[in-house]
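Residue-level structure breakdown
Chain residues, written in single-letter form:
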Amino acid sequence: SGVSTEDSDPAPFLAKLCAAVASGFERAVVVLQGSGVEVFVVWRFLRDLHDYLVDASSECLQRLRKWLSREAGLGEAVEKFLVGALRSASMPEDVKRLCASNMKAWLPLACIRRITLLLCSAVGFVKEEDQVQPWLSWTYLGTTSFA
């Protein structure tokens, strides 16, 4: 007899999958704080994530938002990753990619608010050169409001 998918509970698998993905995002945050070849790998991942999200269906984006809301560890890891990426983005194409609407479309509103608050308290609005921080553009680009 075969194994029925109705008999199995996907929740433990999903929890393990989310934990593994969260671990990857946490590692990426650490790498972004350093230098070297690994940093380029993280920016490549960010480009791939951007490209995936551009093509993702609204149902897929909704599912991702739901996972980020339900799986606290995953949501926190994604928030820290985006904070790290927005803080360290220096190349114009990276800033533009991060500020694309699809980079926020998969995030629950609560995540966007926490990211905004974290960045505001960690780096402020203006750089030492009196230029607006790139993350500020992220808060409103692609949407009609700051959230």
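Shown above is the structure to which this text applies.
For the structure given in this document, a descriptive report is provided here. (Residues numbered from 1 in each chain as written. Predicted model: local features only at pLDDT ≥ 70, side-chain atom pairs only at ≥ 80, totals over all residues. Heavy atoms only, no water.)

This next bit is on the packing of aromatic side chains. For any pair of aromatic rings, the description rests on two quantities: the centre-to-centre distance and the angle between the ring planes. Under the defined criterion, the tally for this structure stands at four aromatic pairs. Both rings, one in Phe25 and one in Phe45, keep their centres 5.6 Å apart while their planes meet at 70°; by these two values the pair is edge-to-face. Of the two residues, Phe25 is situated in helix α1 (residues 11-32) and Phe45 in helix α2 (residues 37-55); the sequence distance between them amounts to 20 residues. The buried category is assigned to Phe25, whose relative accessible area is 6%. Linked through ring pairs, Phe25, Phe45, Phe81 and Trp106 together constitute an aromatic cluster. (Phe/Tyr/Trp six-rings, centres within 6.5 Å; stacked < 30°, edge-to-face > 60°. Helix = DSSP H or I, 4+ residues; strand = E, 2+ residues; numbered from the N terminus. Buried < 20%, exposed > 50% of the residue type's maximum accessible area, 1.4 Å probe, protein only.)

So, on to α2. Here α2 spans 28 Å end to end across 19 residues, near enough to the 27 Å set by a 1.5 Å rise per residue. Taken residue by residue, α2 has Val39, Val42, Trp43, Leu46, Leu49, His50 and Leu53 as its buried positions. The buried residues of α2 occupy one face: seen down the axis, they fall within an arc of 110°. For α2, the exposed residues set more than 90 degrees away from the buried face come down to Val37, Phe40, Val41 and Asp55. Residues of α2 that are buried sit in contact with α1, α3 (58-70), α4 (72-88), α5 (92-98) and α6 (102-105). (Expected span 1.5 Å × (residues − 1). Arc of directions from axis to C-beta. Contact = heavy atoms within 4.5 Å.)

Turning our attention to the environment of Leu53. In this fold, Leu53 is placed in helix α2. Residue classification places Leu53 among the buried residues on the basis of a relative accessible area of 2%. C-alpha of Leu53 to C-alpha of Met103: the two residues are 50 residues apart in sequence and 6.9 Å apart in space. Beyond its immediate stretch of four places on either side in the chain, Leu53 contacts Leu61, Leu64, Asn102, Met103 and Trp106.

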